[in-house]
Amino acid sequence: MQGKKIVIIVLTVLLIALFFLLAIPMRRTYRADIIVNSDELITYRTLQDTVNWNKWYSDIEIPQPRPASLNMQPAKKSKVFEYHLKDQKGYEKEGQIQVLRKNRWAMQINWSEELVFKTNIAKKLQLLFKPSEFRTAFLQNMIQFKNAIEHPDNTFGGLTFERKNMPASKLIILSDTVALSEVKDQIAYLHNKITARLPAEEIIYPGTFLSQHETLNDSTVLLCVAVAVSDALPEVKEPFEMIEMEEHPAVIIQTQKGYADMDEDISIMYEWLKKNDKRPATSYWIRHTPSADIAKTTGKNNFTIIQEVYSIK
């Protein structure tokens, strides 16, 4: 009789424990710090580029990890990024990334992440008795984040870089000093002025052209617009100029910034070149296409930046 009572008590305790194990979410928080050789712009842009998180953030439970939400909050001498990852089976992650300047060349990352299993008993037990296995994955993501910034591949600071050999081409160029506030209108004006003086059959890519600019002061820029033409076109008269470009390696990126406020993207491009042992060979060109012109009417920009490069290795 006494034995039966003991068995009943043990079974009751086990059932209660099983009930609580099923009903109560299992949580554990991991924390670690890391130093990244970067500046604020690239660090922030890498975190905000949630589309490409899967290039440095991995999760066994979520094959294509992408934050369900990402919020940035200013804090004293730092910024705090809060993110939320979840699947449809009761698995969640709540993360907090504090980013503050360590010195001129490095950022300190204070990272914490709470792991939550709501339904999976096996994972709950694993989190309870073998928490180090989850901590290893947490630390690995921090290292991969550091490597994505310090040793970037073709994704860096929210931009995607394409390496390409540009074919030889002949360009007709027209330059002028214009007011910064009138750049958009002046680009169209210079383009129309060039095409009006050229036979239509000599223009290789109708509607597509290049531009580049050099800031002279706070209010004016030196603007240059170029149109690609066939090899058969003879020399042109001033103020037009003809240049012939040989085949050359280049790096290409897409930007949705406005023409006058793409400095951040250009800064990131130069940093990517440096980290990949490349240097700009000339000033970068901005390619305008008919689709980009249509995008302007919708309030969105879509420019292609072409940077001729050479390798320092």
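Fair warning: this is a prediction, and the values are worked out from it, not measured in the lab.

Parameters at a glance
- Residues numbered from 1 in each chain as written.
- Predicted model: local features only at pLDDT ≥ 70, side-chain atom pairs only at ≥ 80, totals over all residues.
- Heavy atoms only, no water.
- Helix = DSSP H or I, 4+ residues; strand = E, 2+ residues; numbered from the N terminus.
- Contact = heavy atoms within 4.5 Å.
- Buried < 20%, exposed > 50% of the residue type's maximum accessible area, 1.4 Å probe, protein only.
- Pairing = 2+ DSSP bridges.
- Core = buried A, V, L, I, M, F, W, Y, C linked by side-chain atoms within 4.5 Å.
- Axes fitted to C-alpha atoms, helices over the stretch in contact; angles between N-to-C directions.
- Salt bridge = Lys/Arg side-chain N within 4 Å of Asp/Glu carboxyl O.
- 1 Å grid on protein atoms, 1.4 Å probe; cavity = no way out; pocket = protein on both sides within 12 Å on 5 of 7 lines; lining within 4 Å.
- Points joined across faces, edges and corners; volume = space filled by probe spheres on them.
- Polar contact = N/O pair within 3.5 Å; in protein donor to acceptor, adjacent residues only side chain to side chain.

Asks: Hey, could you run me through the overall build of the chain in this one?
Replies: What the chain contains, in helices and strands, is 7 helices and 16 strands. Of the contacts formed within the chain by residues at least 6 apart in sequence, a portion of 70% connects residues at least 24 apart.

Asks: Is there a simple way to think about the pairing of strand 5 (residues 106-117) in this case?
Replies: Along a regular strand, successive side chains alternate from one face of the sheet to the other. In terms of burial, strand 5 is largely enclosed, as 11 of its 12 residues are buried. Examined bridge by bridge, strand 1 (residues 26-36) and strand 5 share 11 bridges and lie antiparallel to one another. Note on strand 5: the bridge partner recorded for Thr29 is Glu114. Alignment of strand 4 (residues 91-103) against strand 5, held across 12 bridges, turns out to be antiparallel. Across the sheet, Ile97 pairs through a bridge with Trp111, a residue of strand 5. Counted along the chain from strand 4 to the antiparallel partner strand 5, the turn is 2 residues long.

Asks: Help me understand the nonpolar core, please; the structure alone is not making it clear to me.
Replies: The nonpolar side chains of a soluble globular protein tend to be buried with one another. Core analysis: the largest hydrophobic core is formed by 63 residues, its most contacted members being Ile109, Trp111 and Phe161. If we skip the residues at most four places from it in the chain, Trp111 touches Tyr30, Arg31, Ala32, Asp33, Trp56, Tyr83, Gln96, Ile97, Phe138, Met142 and Phe145. Formed by 12 residues, the second largest nonpolar core is a distinct cluster that contains Leu210, Ala226, Met245 and Ile252.

Asks: Could you clarify how one ought to interpret the sheet that holds strand 1 in this entry?
Replies: Strands pair in a sheet through their backbones, by hydrogen bonds, and they do so in one of two ways: parallel or antiparallel. Across the sheet, 5 strands lie side by side as 1-5-4-3-2; this open sheet has antiparallel pairing. Strands with a single pairing partner mark the edges of an open sheet, and in this sheet they are strand 1 and strand 2 (69-75). In this sheet, adjacent strand axes meet at a mean angle of 15° when their direction is disregarded. Running at roughly 170° to strand 4, helix 2 (residues 40-48) makes contact with strand 2, strand 3 (78-86), strand 4 and strand 5 of the sheet. Lying over the sheet, helix 3 (residues 121-129) contacts strand 1 and strand 5, oriented at roughly 55° with respect to strand 1.

Asks: Which parts of the structure should I look at to understand the pattern of salt bridges?
Replies: Here the idea is simple: oppositely charged side chains can pair when their charged atoms come close. Here the structure, examined in full by the defined rule, presents 11 salt bridges. Arg27 is paired through a salt bridge with Glu114; the nearest N and O atoms lie 3.4 Å apart. Taken together, the residues span a long stretch of sequence, with Arg27 in strand 1 and Glu114 in strand 5 at a distance of 87 residues. Classification of Glu114 as partly exposed rests on a relative accessible area of 23%. One salt bridge in this structure joins Arg45 and Asp265, with 2.6 Å as the shortest N-O distance. Of this pair, Arg45 sits in helix 2 while Asp265 sits in helix 6 (residues 263-275); the two residues are 220 residues apart in sequence, bridging distant segments of the chain. Grouping residues by exposure puts Arg45 and Asp265 together as buried.

Asks: Help me out: how do you make sense of the layout of surface pockets in this one?
Replies: Vacant regions in the atomic arrangement are exposed by a probe of water-molecule size rolled over the atoms. Each pocket or cavity is described by its volume, and for the largest pocket that value is around 470 Å³. Surrounding the largest pocket, 27 residues form its lining, Met166, Ser169, Tyr205, Leu210 and Arg287 being those nearest its centre. Within the residue set of the lining of the largest pocket, elements represented by two or more residues are strand 8 (162-166), strand 9 (169-179), strand 10 (209-215), strand 11 (220-229), strand 15 (285-288) and strand 16 (303-311). A total of 4 residues in the lining of the largest pocket trace back to one element, the largest contributor, which is strand 11. In this structure, the second largest pocket spans a volume of roughly 270 Å³.

Asks: Help me out: how do you make sense of the environment of Asp87 in this one?
Replies: Among the structural elements, Asp87 can be located in the loop between strand 3 and strand 4. Separated by 26 residues in sequence, Asp87 and Glu61 place their C-alpha atoms 7.8 Å apart. The contact partners of Asp87, leaving out residues within four places of it in the chain, are Glu61 and Ile62. A distance of 3.5 Å separates a polar side-chain atom of Asp87 from the backbone nitrogen of Gly90. Within the structure, Asp87 has its side chain in polar contact with the backbone nitrogen of Tyr91 (distance 3.0 Å).

Asks: Just checking my understanding: could you explain the environment of Leu47 for this structure?
Replies: For Leu47, the location among the structural elements is in helix 2. Residues Leu47 and Gly157, 110 residues apart in the sequence, show an inter-C-alpha distance of 8.3 Å. Apart from the residues within four sequence positions on either side, Leu47 is in contact with Trp53, Trp56, Leu70, Phe81, Ile97, Val99 and Phe145.

Asks: So what exactly am I meant to see when it comes to the pairing of strand 13 (residues 248-255) here?
Replies: For strand 13, a buried count of 6 out of 8 residues is recorded, marking the element as mostly surrounded by other parts of the structure. Where strand 8 meets strand 13, 5 bridges bridge the pair, whose relative direction is antiparallel. Bridge pairing in strand 13 places Met166 opposite His248. In terms of strand pairing, strand 13 meets strand 16 through 6 bridges, oriented antiparallel. Its bridge partner lying in strand 16, Ala250 is registered against Glu308.

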